[in-house]
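One letter stands for each residue in the lines below.
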Amino acid sequence: DGGITQSPKYLFRKEGQNVTLSCEQNLNHDAMYWYRQDPGQGLRLIYYSQIVNDFQKGDIAEGYSVSREKKESFPLTVTSAQKNPTAFYLCASREGRDSYEQYFGPGTRLTVT
Amino acid sequence: GEDVEQSLFLSVREGDSSVINCTYTDSSSTYLYWYKQEPGAGLQLLTYIFSNMDMKQDQRLTVLLNKKDKHLSLRIADTQTGDSAIYFCAQLHSGGYQKVTFGIGTKLQVIP
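Below or above, wherever it landed, is the structure these notes cover. On a predicted model such as this, the values are computed, not experimentally measured, just so you know.

**Some words on the overall build of chain B**
Part 1 of the argument: Of the regular secondary structure elements, chain B holds 0 helices and 11 strands.
Part 2 of the argument: Helices and strands appear in chain B in the N-to-C order β-β-β-β-β-β-β-β-β-β-β.
Part 3 of the argument: Computed over the C-alpha atoms, the radius of gyration of chain B is 14 Å, within 12% of the 13 Å expected from 2.2 N^0.38 for a compact globule of 112 residues.
Part 4 of the argument: When the backbone C-alpha atoms are referred to their principal axes, chain B occupies close to 45 × 30 × 20 Å.

So, in structure tokens, the structure goes:
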């Protein structure tokens, strides 16, 4: 049963703490993406990775960090430097350069108080 | 520019057709997409169109692409209450790092 998993579905943290969101895919996809979704703002790209050990900043990378040590995993760390971390975070993957379809995980809702 | 713009809200009666519109700015986009998001869930790819096509039909869904005006539309025929969701327009950019940018999403409300 292939797909993208994100865990946990809901995450609560205190302000000032770093938190890492998990994203795993068993689709053998090369490219992986992290988006943030806020009400009324659609999806905004945080980071993306086209291949293992390589990643690029998206439009709103400040306060976030990622790693891509394995093809199937692309964890996102929300650091204490991120001013408004409460949001719905979506991970996605795509097979490669010639592939048109981007598959999404179910998302993680992060609440920071 | 890489923006994708779409209206925020659309309300239709069950059984009518829905038309959701989108404009994009990157003329070099290779693929344009329509995604559906139900509450609290991830995004589901509904349909896509390659940039050298004008129209694509897939059961109740019709996608129209006007490259000259950079305008994309999604028509849902015989709209059902299960079609109520947020619909996102997106474009796949060409170039070294192929990223996808999304519109703000159009919330479709289907009235029984």
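On we go from here.
**Considerations on the pattern of salt bridges**
Part 1 of the argument: Tallied over the entire structure, the rule returns 6 salt bridges over all chains.
Part 2 of the argument: Here Arg36(A) ties to Asp38(A) by a salt bridge, and the two come within 2.7 Å at their closest N and O atoms.
Part 3 of the argument: Taking relative accessible area as the criterion, Asp38(A) reaches 10% and is therefore assigned buried.
Part 4 of the argument: Note that Lys36(B) is salt-bridged to Glu38(B), the shortest N-O span being 3.4 Å.
Part 5 of the argument: Lys36(B) gets classed as buried once you look at its relative accessible area, which sits at 10%.
Part 6 of the argument: By relative accessible area, Glu38(B) is classed as partly exposed at 38%.

**Here's the deal with the pairing of strand 4 (residues 31–37) of chain B**
All names here are of chain B.
Part 1 of the argument: Of all 7 residues that make up strand 4, 7 are buried, and the element is covered over most of its length.
Part 2 of the argument: Burial along strand 4 is two-sided: the residues Tyr31, Tyr33, Tyr35 and Gln37 and Leu32, Trp34 and Lys36 are all buried.
Part 3 of the argument: The sheet contact formed by strand 4 and strand 5 (residues 43–50) spans 7 bridges and is antiparallel. Bridge assignment links Gln37 to a residue of strand 5, and that residue is Leu43.
Part 4 of the argument: Counted between consecutive antiparallel strands, the loop separating strand 4 from strand 5 contains 5 residues, among which Gly40 sits at a positive phi close to 70°.
Part 5 of the argument: Pairing of strand 4 with strand 9 (residues 85–92), which is carried by 7 bridges, proceeds in the antiparallel orientation.

**With respect to the interface of chain B and chain A**
Part 1 of the argument: Facing 21 residues of chain B, the contacting portion of chain A comprises 26 residues.
Part 2 of the argument: For the pair chain B and chain A, the summed buried area comes to about 2,000 Å², and 53% of that belongs to carbon and sulfur atoms.
Part 3 of the argument: For the pair chain B and chain A, the number of links is 0 salt bridges.
Part 4 of the argument: In this structure, the connection of chain B to chain A is made through 4 residue pairs in polar contact (both at pLDDT 80 or more).
Part 5 of the argument: Elements supplying a minimum of two residues to the side of chain B that touches chain A: strand 4, strand 5, strand 9 and strand 10 (100–102) of chain B.

**Quick word on the pairing of strand 11 (residues 106–111) of chain B**
Residue and element names in this part refer to chain B.
Part 1 of the argument: With burial as the criterion, only one face of strand 11 is covered, namely that bearing Thr106, Leu108 and Val110; the residues Lys107, Gln109 and Ile111 on the opposite face remain uncovered.
Part 2 of the argument: Pairing between strand 2 (residues 9–13) and strand 11: 5 bridges, direction parallel. Paired with Phe9 across the bridge in strand 11 is Lys107.
Part 3 of the argument: Pairing between strand 9 and strand 11: 3 bridges, direction antiparallel. Each bridged residue has a counterpart across the sheet, and for Tyr87 the counterpart in strand 11 is Thr106.

**A few points about the state of the cysteines**
Residue and element names in this part refer to chain A.
Part 1 of the argument: Applying the stated rule across the entire model yields 2 disulfides over all chains.
Part 2 of the argument: Between the sulfur atoms of Cys23 and its disulfide mate Cys91 the distance is 1.8 Å. Looking along the S-S bond of the Cys23-Cys91 disulfide, the torsion reads about -70°, which is the left-handed sense. Residue Cys23 is found in strand 3 (residues 19–25), and its partner Cys91 is found in strand 9 (residues 87–94); the two are separated by 68 residues along the sequence.
Part 3 of the argument: You can call Cys91 buried: its relative accessible area is 0%.

**Thoughts on the side chain of Gln37(A)**
Part 1 of the argument: Relative to the helices and strands, Gln37(A) resides in strand 4 (residues 31–38).
Part 2 of the argument: Among the polar contacts made by the side chain of Gln37(A), one reaches the side chain of Gln37(B) at a distance of 2.7 Å.
Part 3 of the argument: Not counting chain neighbours up to four residues away, the residues in contact with Gln37(A) comprise Gly42(A), Leu43(A), Ala87(A), Phe88(A), Leu90(A), Gln37(B) and Phe88(B).

Calculation notes
Residues numbered from 1 in each chain as written. Chains lettered and ligands numbered in written order. Predicted model: local features only at pLDDT ≥ 70, side-chain atom pairs only at ≥ 80, totals over all residues. Heavy atoms only, no water. Helix = DSSP H or I, 4+ residues; strand = E, 2+ residues; numbered from the N terminus. Rg over C-alpha atoms; globule rule 2.2 N^0.38 Å. Salt bridge = Lys/Arg side-chain N within 4 Å of Asp/Glu carboxyl O. Buried < 20%, exposed > 50% of the residue type's maximum accessible area, 1.4 Å probe, protein only. Pairing = 2+ DSSP bridges. Contact = heavy atoms within 4.5 Å. Buried area = accessible area lost by both parts, 1.4 Å probe. Polar contact = N/O pair within 3.5 Å; in protein donor to acceptor, adjacent residues only side chain to side chain. Disulfide = S-S within 2.5 Å.

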